[in-house]
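Commentary on secondary and tertiary structure
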Amino acid sequence: MSIGILGGGQLGYMLALAGYPLGLRFRFLDPSPEAPVGRIAPRVTGDFTDRAALEKFAHGLDVVTYEFENVPVDAVQHLAKKVSVFPPPGALETAQDRLKEKQLFLKLGIGTTEFASVPVAYDIDAAIKKVGLPAVVKTRRMGYDGKGQWVLRTAEDVKTAKDGLPKQPCIAEKFVSFTRELSVIAVRGKAGETAFYPLVENHHRNGILRLSLAPAPTVSAEIQKAAEDAARKVLESLDYVGVLAIEFFECEGKLLANEMAPRVHNSGHWTIEGAVTSQFENHLRAICSLPLGATTAMGASAMINLIGEVPEAAEVLAVPSAHLHLYGKEPRPGRKLGHVTLQAPSFDHLTARFRGLPAFFQRPDFCLQGERR
Ligand code: AMP
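Residues numbered from 1 in each chain as written. Predicted model: local features only at pLDDT ≥ 70, side-chain atom pairs only at ≥ 80, totals over all residues. Heavy atoms only, no water.

1. Thoughts on the overall build of the protein
We count it as follows: A run of H or I in DSSP becomes a helix once it reaches four residues, and a run of E becomes a strand once it reaches two; helices and strands are each numbered from the N terminus. Here the globule rule is a power law, 2.2 Å times the number of residues to the power 0.38, and the radius of gyration is based on C-alpha atoms. We call a residue buried when its accessible area falls under 20% of the maximum for its residue type, exposed when it is over 50%, and partly exposed in between, using a 1.4 Å probe and counting protein chains only. By definition in these notes, contact holds between two residues if any of their heavy atoms fall within 4.5 Å. Reported accessibility uses the Shrake-Rupley method at a 1.4 Å probe radius. Residues are deemed covered only where the shown protein chains occlude them.
Of regular secondary structure, the protein possesses twelve helices and 18 strands. Against the 2.2 N^0.38 benchmark of 21 Å for 373 residues, the protein shows a C-alpha radius of gyration of 20 Å, consistent with a compact globule. Dimensions of the protein, computed from C-alpha atoms along their principal axes, come out at roughly 55 × 55 × 40 Å. Counting all 373 residues of the protein, 55% fall into the buried class. Counting only contacts in the protein whose residues sit at least 6 apart along the sequence, the fraction spanning at least 24 positions is 61%. When the accessible area of the protein is evaluated, it comes to approximately 15,600 Å², of which 54% is carbon and sulfur surface.

2. Considering the nonpolar core
To keep things clear, this is the line we draw: We define the nonpolar core as a collection of buried residues of types Ala, Val, Leu, Ile, Met, Phe, Trp, Tyr and Cys that are connected through side-chain atoms lying within 4.5 Å of one another. In this document the domain limits rely on a domain assignment from an automatic tool or a database.
One finds Ile3, Phe26, Phe28, Trp270, Phe280, Leu284 and Ile287 to be the most contacted residues of the largest nonpolar core, which totals 38 residues. Elements with a contribution of two residues or more to this core: strand E1 (2–6), helix H1 (10–19), strand E2 (25–30), strand E10 (180–188), strand E13 (208–214), strand E14 (242–251) and helix H10 (279–287). At six residues, H1 tops the list of elements feeding residues into this core. If you count residues domain by domain, this core takes at least three from each of domain 1 (2–85) and domain 3 (180–366). By size, the runner-up hydrophobic cluster in this structure holds 26 residues, among which are Leu182, Ala231, Phe248 and Leu255.

3. Points about the pattern of salt bridges
Put simply, the rule is: Think of a salt bridge as a Lys or Arg side-chain nitrogen and an Asp or Glu carboxyl oxygen that are within 4 Å of each other.
Per the counting criterion, the structure on display carries 14 salt bridges. Among the salt bridges present, the one from Lys82 reaches Glu55, with a minimum N-O distance of 3.4 Å. With Lys82 in the loop between helix H3 (73–80) and strand E5 (84–85) and Glu55 in helix H2 (residues 51–58), this residue pair connects regions lying 27 residues apart in the sequence. What makes Glu55 partly exposed here is its relative accessible area of 35%. The salt bridge involving Glu69 is made with Arg263; its shortest N-O contact spans 2.8 Å. Taken as a pair, Glu69 in the loop between strand E4 (63–66) and H3 and Arg263 in the loop between strand E15 (254–261) and helix H9 (271–274) lie far apart in primary sequence, 194 residues in all. Of the residues examined, Arg263 reaches a relative accessible area of 16% and is grouped as buried.

4. Things to note about the packing of H2 against H3
Helix-helix packing: each pair is described by the crossing angle between the helix axes and the interaxial distance. The criterion, for reference: Lines fitted to C-alpha atoms define the axes, with helix axes restricted to the stretch in contact, and inter-axis angles between N-to-C directions lie between 0 and 180 degrees. Put simply, angles under 35 degrees are roughly parallel, angles over 145 are roughly antiparallel, angles from 65 to 115 are roughly perpendicular, and the rest are oblique. What makes a crossing left-handed is the near helix being turned counterclockwise from the far one by less than a right angle; a clockwise turn instead makes it right-handed. Note that Gly is not counted as nonpolar here; it falls among the polar residues with everything else outside the nonpolar set of Ala, Val, Leu, Ile, Met, Phe, Trp, Tyr, Cys and Pro and the charged set of Asp, Glu, Lys and Arg.
The N-to-C vectors of H2 and H3 enclose an angle of 45°; their axes lie 11 Å apart at closest approach. Overall, the two elements H2 and H3 adopt an arrangement that is oblique. For the pair H2 and H3, the crossing hand works out as right-handed. Across the interface between the two elements, Arg51, Leu54, Glu55, Phe57 and Ala58 of H2 pack against Asp74, Ala75, His78 and Leu79 of H3. Looking at the contact of H2 with H3 residue by residue, the classes come out as five nonpolar, one polar and three charged.

5. Concerning the domain arrangement of the protein
Domain annotation for the protein reports domain 1 (2–85), domain 2 (114–174) and domain 3 (180–366). Centre-to-centre, using C-alpha coordinates, domain 2 lies 29 Å away from domain 3.

6. Describing the packing of aromatic side chains
Short version of the rule: Geometry of aromatic contacts follows a simple scheme: Phe, Tyr and Trp rings, the Trp one being its six-membered ring, pair when their centres are within 6.5 Å, and the pair is stacked under 30 degrees between planes, edge-to-face over 60, tilted otherwise. As a reminder, the over-ring test applies to NZ of lysine and CZ of arginine, requiring each to be within 6 Å of the ring centre and within 35 degrees of the ring normal.
One pass over the full model with this rule turns up five aromatic pairs. Both rings, one in Phe360 and one in Phe361, keep their centres 5.1 Å apart while their planes meet at 75°; by these two values the pair is edge-to-face. Phe361 shares its class with Phe360; the two are buried. When the ring centre of Phe115 is taken as origin, the NZ or CZ atom of Lys130, which lies over that ring, is 5.7 Å away. Here the guanidinium or amino end of Arg153 rests over the ring plane of Phe175, the centre of that ring lying 5.2 Å away.

Right, dumping it as structure tokens:
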């Protein structure tokens, strides 16, 4: 089968790596001639809005998927007239807009942070009155990795925000003092079959994921079930096919859904070595009508993102059960360049192996040891 992937970043790269052993072929569309997938698959370089590039990309494909959440819905709908696209364009449309996403959670009875629409930035008072202070204001669209977000703590902050916020529709959310952040990776096949990975505990810095622990330590069966129930509702309501990620705040023993991603997700990278079937393979199995693979975790894993710089490969590989993934991207501050997954038979072994990581991971700016709450 020939699979077309919109977006040529590391998620597409890892999808292709997971698909080659299954005999799948890939073609990518990405605006950048430097997209990481260029190393391993043919690609069309062009804008997602360029109809000629879309035609060239789609020619002869059996199925199209996307690895980039901000692909214009128009482009996906255009492709869907010629070739099957999974997840369905409606899922992409919902996930691109924080307001629609939250409204879906609400409609499905999934707990979420209190929120209010902010149609234009200078008209923020009513929204803040509804959610209270402190609050987080986020642009409805195009925000990722903490970009397009402002925390307002005082009435003074609200006044200042009126001038400082971008002139585009936003959403205001109650600032949640959560115990920790968890995410679930779920997958649904074409016949409606579903599978769920164990919840993952995520640690962010400046809005960017730094570390995932999988399975999340000390998760009760109730919390795992609540996450799976929430994901199942979203999957079914969108008639979803493929991998979906939902990020939650754990708050007083309950889950509040923060956001969803209609694609393979950074907090699922651990599944490459840490689960029976990786999220990448399961996404491909789902969109190709193949049976879903087992989502069971094998021992405990820690996934550490390499952001802005990478350590010496030899130093990482000297650590037992450390797996290095480099995406082939030019180093730049704040850029995800790769990740390391550390694997162990149990969480105790994992902690010991964590301590054995080279100096690169022990520096205060990386602060891995201290991040476990
Ligand atoms: P997001 O882009 O919505 O995933 O936000 C990035 C990160 O900002 C989250 O992973 C949280 O650490 C933090 N954050 C976002 N929304 C809230 C909120 N309502 N309350 C507290 N922290 C938040």
